[in-house]
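Survey of secondary and tertiary structure
Residue-level listing of the chains:
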Amino acid sequence: MSCALPHERSVAPNTIEGEPVNAVTRRTVLTGAAAATAAATVGATLDTPARAHSVDPNSREDMLLFILLSSALTGIAPSKLAPGFALAPPTTNPPTVPPPPFDLSKSVPGSDPVNVKREYLTLANEKSPSALENLLRLVKKNLNAPNADRAIDADKRDEAIIKALQFNDDDQSRTPADVDAKYLARSIVLMWYLGAWYEPAELKALRKDPTRVATFQIVSPKAYTQAWALRVAQAHPMGFSEMQFGYWTREPNETSDFIGRRVN
Amino acid sequence: MRTKLSLALGATGIFAIIGMLGWTASAQAPASAPASLACDDDPPPDTNQTTDPPTATPINASLLTRGLPCAEKVSTRGLFGDDGLANLQRGFDFYSWLTFLALNAPADGSRIDQAKPNTPTKWERPSNFKQLLNVMLEDGRASKWEDTKLVPPECLDQYKKLNGQVMVIEMIEESFNEPFKTGPLIDQQGNYAIFDILMNKSMFDYIQDNNLQSKAGQQSRKNASLKVDFPAGANKGQQARMTLPPGDPGAVMIKVAWKVLDAPTERQNFHTVDALVLMPRHENDVTKPPCLRKTLGLAGFHVGHKTVNRRQWIWTSFEHKKNVPEQQEVDTKQEQGPYNFYRVGCDPTQCPVNQTPPTPWEPTYKNGLKFHDSKFRSQITRVVGLTDETKEMNKQFQKILGNTVWKNYMLLSTQWPSDFRCAGKKDTTSTPPPPEPATDFKKEPDMNCAPAPTFLANSTLETYSQGTDPLASSSCMACHGNAVSQQVRPPDMKAEEFFNQSDFTFMLEKARGKPTR
Amino acid sequence: MAGEIDKILWDVAIIGSGFAGALIANELGKGRRRVIILEAGEGIPPNINKYMSRFYSASAKVPESPYTPEIFDLSDPKRGLSDPNKVNAGRPTVLSLGPKGKFGDWTNPKQAYLIQKGPRPFASTYDRVAGGTSHWLGTCLRFVPNDFKMKSQYGQLADWPIEYNDLNSWYGEAEKELGVSADVDEQKFGGIEFPPGHTYPMPKIPNSTTDQYVNDSLNKDPLTEGETGFLGMGKPVTKIPVRGVPAARNSEPYRNRRACAGNTNCIPICPIQAKYDPTITLNDARNTRFVTFQERTVAYEIVVGTNDLVSEINYKRYETETGKETDRGSIKARVFVIAANAIETPRLLLMSTNGGRTAKGVANKSDMVGRNLMDHPYYVVWGMSPKRIYPYRGPLITSGIGDLCDGPFRRERAAFRVDIGNEGWNFVVGGIGGDPNVTTLDFVNGLNKSRLNAPLERRDSPLGDEALFGKQLVDRLHEKFARQFRCGFLIEQTPDRDNRVTLSSDHKDGLGLPRPQISYNLSDYTRRGFIAAYRMKNLLFGKMSLTEFTEIGPEDPTRLEEEVDGKPVTLNYTGAGHIMGTCPMGDDPKQSVVDKFQRSHDHKNLYLVGSSTFPTGATANPTLTIAALSLRTAKHILDTDFRR
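Here the structure is a predicted model, which is why all the values come from computation and not from measurement. Residue positions are counted from 1 within each chain, in the order its sequence is given. Just so you know, chain letters begin at A and ligand numbers begin at 1, following the order they were written in. Under the rules for a predicted model, residues below a pLDDT of 70 receive no local features and side-chain atom pairs below 80 are neither given nor counted, while totals for whole chains, interfaces and linings still include all residues.

1. Observations concerning the overall build of chain B
The helix count covers DSSP runs of H or I at least four residues long, the strand count covers runs of E at least two residues long, and both are numbered beginning at the N terminus. The helix and strand inventory of chain B stands at ten helices and 13 strands. In chain B, buried positions account for 53% of the 517 residues. Note that contacts rest on C-beta atoms placed from the backbone: two residues are in contact if these are within 7 Å. Across chain B, every contact between residues at least 6 apart in sequence was considered, and the portion connecting residues at least 24 apart equals 70%. Three exposure classes are used, based on other C-beta atoms lying within 10 Å of a residue's own C-beta, which is placed from the backbone: buried for 20 or more, exposed for 12 or fewer, and partly exposed in between.

Shown next, in the form of structure tokens:
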């Protein structure tokens, strides 16, 4: 059986060139301004073998981007999705102006004993590598948004990421790669919320024919127990309570204890 | 509330204070001093934090006499870069070894690396640890720490002949049947493994002070508003150091698994005790249970220690290194027998792996501690193997134990709450107010604060619930977190205000005596 | 191994290891009788690891999901349901109650274990491991005194040959054995009495925040005659108490089991075994030294010898769920107990024709075996609360309304009890169940199966209005889940001769044995109970200011079309898992199958136990009554001399 202690080891970060952040169109936001040809490649054919699997679950940077992506998409604080997560350098008080850019090589994805983030990144990479790559690129693009006050960076970043993924399927300005990324984003949200994998293609098909019965697979028993859907409701996944006798007769603790922020 | 006077016991108190300076009390105290086991409030951490990167603390003979850590000394900085979890884990494993060495050090003050197999250890001394049934007495009465050990009448004659130089184990169901009645463990000689539970003075005092040693006491009206919260150990400089007398490690509990060693040849590889084992009484039976004189060998060793920064306790587990092979070793045919609870080369159809013995499970007087089916042997493997890091640390500690039997013991792992900022709400409404720092009794949403590692099982103590299936498979904290007491909510008390959690120990449910309801 | 058990003349042979089988075996073992238990399903594993991992990994977390046999055909890439034709000890599942022509078609013998002839589907299921009821909720309600005398009190249904007082002390014994938690004063309603000074083994389980809202809403102001007159209670009803439900669920340490930690998973399995299940007693039974247990052993013929006594029971064995039969044998005993549930017990009796000597089946001179099949048809409703009530916390059910289960109205219509669900819309959302997945998927992917992703006036719109990410998604899901409410009504079913279990002549199981064939309908009396339940729902939902979302698909076979106050309403029923009635007890051998000690009228050494013997079903969950009767019957067996 596996080791008693599943955890990540720190590895030397990949060096990925920072991309110049210019005025961007929706297209470039998703496919990366720096590599127009690469963008065309990805846009033209999905799952291009030459660029498949270039996301590495062992890579610190990819994991950091995945956590930031997941947090933006799920609305749950990164420190809850990935305990121990910390972007470097941390915000100072008083804040430095202009704020220094985040340095992914010094940031910490966090290590926690359950480590479901690794299962999710690995699975997403297996199932939709190019779409995943596009999503991570999207995060990176928005990581050091210009003229942003560090204190609200996270919100701006999250908003930008979400905005890039909200469009109609029949929107002509979007490529198939964009659409794939959009549905993979939904699959990723569902993984975190339900511990289950819904194929992006299935989600797309459901939009066309909502009377279909949605099919999904539980990622693993562990993933099921880490599902967030009921935690956002101040409860717990059915069949996995980490609370003590009698808790249900009291009102639950505030949402910030569950998901890291208050709910409106 | 515990009184602060309990350690001011004259001469022994002075030695306890000396103990605070980094030497175990018994190193100074005369052999017969009834001091409770004092702790070291400045234990060595597993790495030297002053260098960058940190370097490993040398594992050498100087660690053998450091004593019981009052609390863990761990850091997210360590040998594994910025993998905070791995660094903390190593710190806890190091702390576990110091704990093991301190508890098993010879009671007479001599060195553990010179101990003989049957040299009595510190934890075996009643002045340091009491057995559960000596605290939860049959009639539920209160007792004092200094009270002499209770010896069941059936064992009295033999006990007197041995001048009391013998361990007495009074068996109940839990002495042979693993938790939640999952089944007994039968060794390769056809004997039952025997289990016992002990607590230190801090736990004992809390129980007596709060009248928890009986059913009636727990069910009393006064205790309806008690929120059970055992005292926690702390190091120098940690808050709450002041509320504990010097040398007091806070609550420490032990669970052991013994192997019956009938053959003298077996006795060279184990730490052994001379014991009188009283077989379990039968409710409706007037037959006197036999009291058997046995040599027992230490096969499994759990320690639970509550500290101020780990209010969900720290869970340490050791076992004899020849108990069972890892499942992985079996799959690749790399077993290195002989083992205590596994037979190499036996086909799974003949020896089904990790299966409970055939019923009935209860030992019979006529068979003594031999299983009724004389051919049956438990065939046990370790489902979740040790990590490489743990194996490496084990090797180093085993080296400094010289040629004693103690080199035959290994740490499985340490389970500890990794999200220690969770369960951090202070209770401001109880009367009397809880001790500083206050414990979060609501403990939502995670009473266990993310145990690391998620699962942990000892092959002798959680034999049949090994695995990695959430909640079903053994995890010290997930299981102990469910422990509740026998407290009762009076009708005029609101349900929301009633807390019966027993602070991660199942001991309170074993209180006896006549219930009030 | 195989065959060894055949060589012994057992004192008692028991078929089935559920509540009845395990409890009786344990009592007999304690009484030093040699007992053999034959269980058709798998044996009991040393831990529940596999059950839990199967459950956690299941997409459809139905009551059968942790247990064997496999619900889905693992060799089928499309993962269809296992073909019951091939399964050796099969059983019905909740997934085979689907509409005609769709997945899990209830009339399709290739998907449904029971051959259902209708006109309505029998909607309850059972398992075949540990007797098939490990997935129970844990509710341990006593019947009320009038439940036992419906005929003499109300001129309806039938009387039992025993009364509440005959069972009073046995209920207490059963409560001790199972470990029931309740407050004795709170349970004194409907005429229920306890011996003086009686207490339950454990204090009651605290109620949930959902329960508190129900009680506060319902009983804030005194209820008026206009509001409650429809109940027909015979006296003004100004208050309808919400009481704790007694349950075999630990509220403190009891018999080496942990107290409940609110895993909200009682059905199908408690991860920490805080809920009692029969494997506990089965284990105790086997540890008495007198009880032997053999799994994967399917009894298929009861052999009747001289003097109308049962002489032996023939069985088949198998190794794998769908593999070939591996062995046959025959058990001889002095006394035989069939404890195989109210479908499998009559099935076995009917299969045993003894070459024509018992052409109608064993124990069936009355022709009643298999008749009077009853359930508690369960009318389930759900809605959204105006404020957060925090469901999905605590045991699945902690409180209910039982006070309405008896009264003069029983002359006219069936009684009902109310279950208050703590699990939100988990098994009802969209009429198909599956929350939190369904609602989460709705708001992530812009669908609307839950009907929550569109305003009320467009609630049936198939696509949803919102597809969200981030904080908006959190806020939306939070306020939806935290306000979900569902409750259910258990309605008394009439014992009806034509609701029956017979043998299918066309369809067999993996061992070549004929599968059970079911005819089932709901009587007018019961349907009038539904209508009363509907009115109660209106009262409750009105008081709680709930927005109702109950729905049932147009082709769903469990639709119930009724008329209330001249207007058509659509109701629904599911199965409560309470299978009863097919071997009714009574004093008259022409009208009943067993006597008041569950002993067959026709064969003096044959006992038929469990809820098969209930002449009527009342409204309380049957388990505690099964347990009480079992302990009483066990004593009868111990006290009776069976030597020829």
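2. Overview of the overall build of chain A
Helix and strand counts for chain A come out as eleven helices and two strands. Reading chain A from its N end, one meets helices and strands in the order α-α-α-α-α-α-α-α-β-α-β-α-α. Looking at chain A residue by residue over its 264 residues, the buried ones come to 52%. Summarising the internal contacts of chain A: among those between residues at least 6 apart in sequence, 62% fall at separations of at least 24.

3. Details of the interface of chain C and chain A
At the junction of the two partners, chain C supplies 43 residues and chain A supplies 48 residues. Elements that contribute at least two residues to the side of chain C that touches chain A include exactly α2 (49-57), α9 (437-445) and α10 (470-481) of chain C. Looking at the side of chain C that touches chain A, the element that brings in the most residues is α10 of chain C, giving eight residues. The residue classification treats Ala, Val, Leu, Ile, Met, Phe, Trp, Tyr, Cys and Pro as nonpolar and Asp, Glu, Lys and Arg as charged. All others, Gly included, are polar. For the side of chain C that touches chain A, the class distribution of residues is 21 nonpolar, 18 polar and four charged.

4. Examining the interface of chain A and chain B
Between chain A and chain B, the contact holds 33 residues from the first and 42 residues from the second. At the level of elements, α10 (221-225) and α11 (255-259) of chain A are the ones that each hand at least two residues to the side of chain A that touches chain B. The greatest single-element share of the side of chain A that touches chain B, amounting to three residues, is contributed by α10 of chain A. By residue class, the composition of the side of chain A that touches chain B is 15 nonpolar, ten polar and eight charged.

5. Re unusual backbone geometry
Residues and elements named next belong to chain C. Residue P268 follows I267 across a cis peptide bond; omega there is 10°. Secondary-structure assignment places P268 in the loop between β4 (243-244) and α7 (278-286). A cis amide bond links D435 with the next residue in sequence, P436, at an omega value of 10°. The phi angle at N307 is positive, at roughly 55°, despite the residue not being glycine. One can find N307 in the loop between β6 (297-304) and β7 (310-318). The exposure class assigned to N307 is exposed, which follows from the 10 C-beta atoms found within 10 Å. Of note, D308 is a non-glycine position whose phi angle comes to about 60°, a positive value. We classify D308 as partly exposed; it has 17 C-beta atoms within 10 Å.

6. Overview of the confidence of the model for chain A
Interpretation of this model should avoid reading the predicted coordinates in detail wherever pLDDT is low. Across chain A, the average pLDDT comes to 78, with 77% of residues at 70 or higher. Each residue carries a pLDDT score, the predictor's confidence in it, ranging from 0 to 100. Counting contacts from residues 1-52 of chain A, a segment whose pLDDT is below 50, to residues more than four positions away or on other chains yields 94 contacts.

7. Here we look at the sheet that holds strand β13 (residues 500-508) of chain C
Residues and elements named next belong to chain C. The three strands lie next to each other as β3-β14-β13, forming an open sheet whose pairing is mixed. At either end of the open sheet lies a strand with only one pairing partner, and these are β3 (115-119) and β13. This sheet shows a mean twist of 30° between the axes of neighbouring strands, independent of strand direction. Strand pairing is assigned whenever DSSP detects at least two bridges linking the two strands. Helix axes use the C-alpha atoms of the stretch in contact, all axes being lines fitted to C-alpha atoms, and the angles between their N-to-C directions lie in the range 0 to 180 degrees.

8. Here's the deal with the packing of helix α8 (residues 176-194) of chain A against helix α9 (residues 200-208) of chain A
For any two helices packed against each other, one specifies the inter-axial angle together with the distance between the axes. All names here are of chain A. Packing of α8 against α9 leaves a shortest axis separation of 8 Å and a crossing angle of 105°. One way to sum up the angle between α8 and α9 is to call them roughly perpendicular. Only P200, L203 and K204 of α9 make contact with α8, whose side of the interface consists of D180, Y183, L184, R186 and S187. In terms of residue class, the contact of α8 with α9 is built from four nonpolar, one polar and three charged. Here the word oblique covers every angle except those under 35 degrees (roughly parallel), over 145 (roughly antiparallel) and from 65 to 115 (roughly perpendicular).

9. Points about the sheet that holds strand β10 (residues 399-401) of chain C
All names here are of chain C. Read from one edge of the open sheet, six strands run β4-β10-β11-β12-β9-β15, paired in antiparallel fashion. In the strand order of this sheet, the two ends are held by β4 and β15 (547-548), each with one partner. Sheet topology note: the strand β11 (residues 416-420)/strand β12 (residues 484-491) ladder contains five bridges and is antiparallel. Bridged to I420 within β12 is C487.

10. Examining the pairing of β13 of chain C
As paired strands, β13 of chain C and strand β14 (residues 514-520) of chain C are joined by five bridges and run antiparallel to one another. Within β14 of chain C, the residue paired with V501 of chain C across the bridge is I518 of chain C.

11. Quick word on the pairing of strand β16 (residues 559-564) of chain C
Residues and elements named next belong to chain C. Note: β16 against strand β17 (residues 567-572), six bridges, orientation antiparallel. Looking across to β17, one finds that E563 is bridged to P568. Counted along the chain from β16 to the antiparallel partner β17, the turn is two residues long, and its residue D565 has a positive phi close to 55°.

12. What about helix α1 (residues 19-30) of chain C?
Taking 1.5 Å per residue, twelve residues should reach 16 Å; α1 of chain C reaches 17 Å between its end C-alpha atoms and fits that length. Looking one or two places after α1 of chain C, you find R32 of chain C, whose phi comes out positive at around 60°. An expected span of 1.5 Å times one less than the residue number is assigned to each helix.

13. Concerning the environment of G368 of chain B
Residue and element names in this part refer to chain B. Mapping G368 onto the fold places it in the loop between α8 (327-331) and α9 (388-399). Overall, G368 belongs to the partly exposed group, with 15 C-beta atoms counted inside 10 Å. Separated by 91 residues in sequence, G368 and V277 have C-alpha atoms that sit 9.8 Å apart.

14. A closer look at the packing of helix α4 (residues 164-178) of chain C against helix α12 (residues 623-639) of chain C
Residue and element names in this part refer to chain C. Two numbers describe how α4 lies on α12: the axes approach to 8 Å, and their chain directions differ by 105°. Relative to α12, α4 is oriented roughly perpendicular. Of α12, the residues touching α4 (which contributes L167, W170, Y171, E173, A174, E177 and L178) are L624, A627, A628, L631 and R632. For the contact of α4 with α12, a count of residues per class yields nine nonpolar, no polar and three charged.

15. Digging into the confidence of the model for chain B
Mean pLDDT over chain B works out to 88, with 88% of the residues at or above the 70 mark. pLDDT under 50 marks residues 1-35 of chain B. Its contacts with residues more than four places away, or in other chains, come to 63 contacts.

16. Some details on the environment of R257 of chain C
Structurally, the position occupied by R257 of chain C is in the loop between β4 and α7. Between the C-alpha atoms of R257 of chain C and G179 of chain C, which are 78 residues apart in sequence, the distance is 9.9 Å. Setting aside chain neighbours within four positions, we find R257 of chain C in contact with F180 of chain B together with N250, Q273 and A274 of chain C.

17. A few points about the environment of D62 of chain A
Residue and element names in this part refer to chain A. The topology assignment puts D62 in helix α3 (residues 60-74). Residues D62 and L136, spaced 74 residues apart in sequence, show a C-alpha to C-alpha distance of 7.2 Å. Discounting residues that sit within four places of it in the chain, D62 has contacts with V55, D56, P57 and L136.

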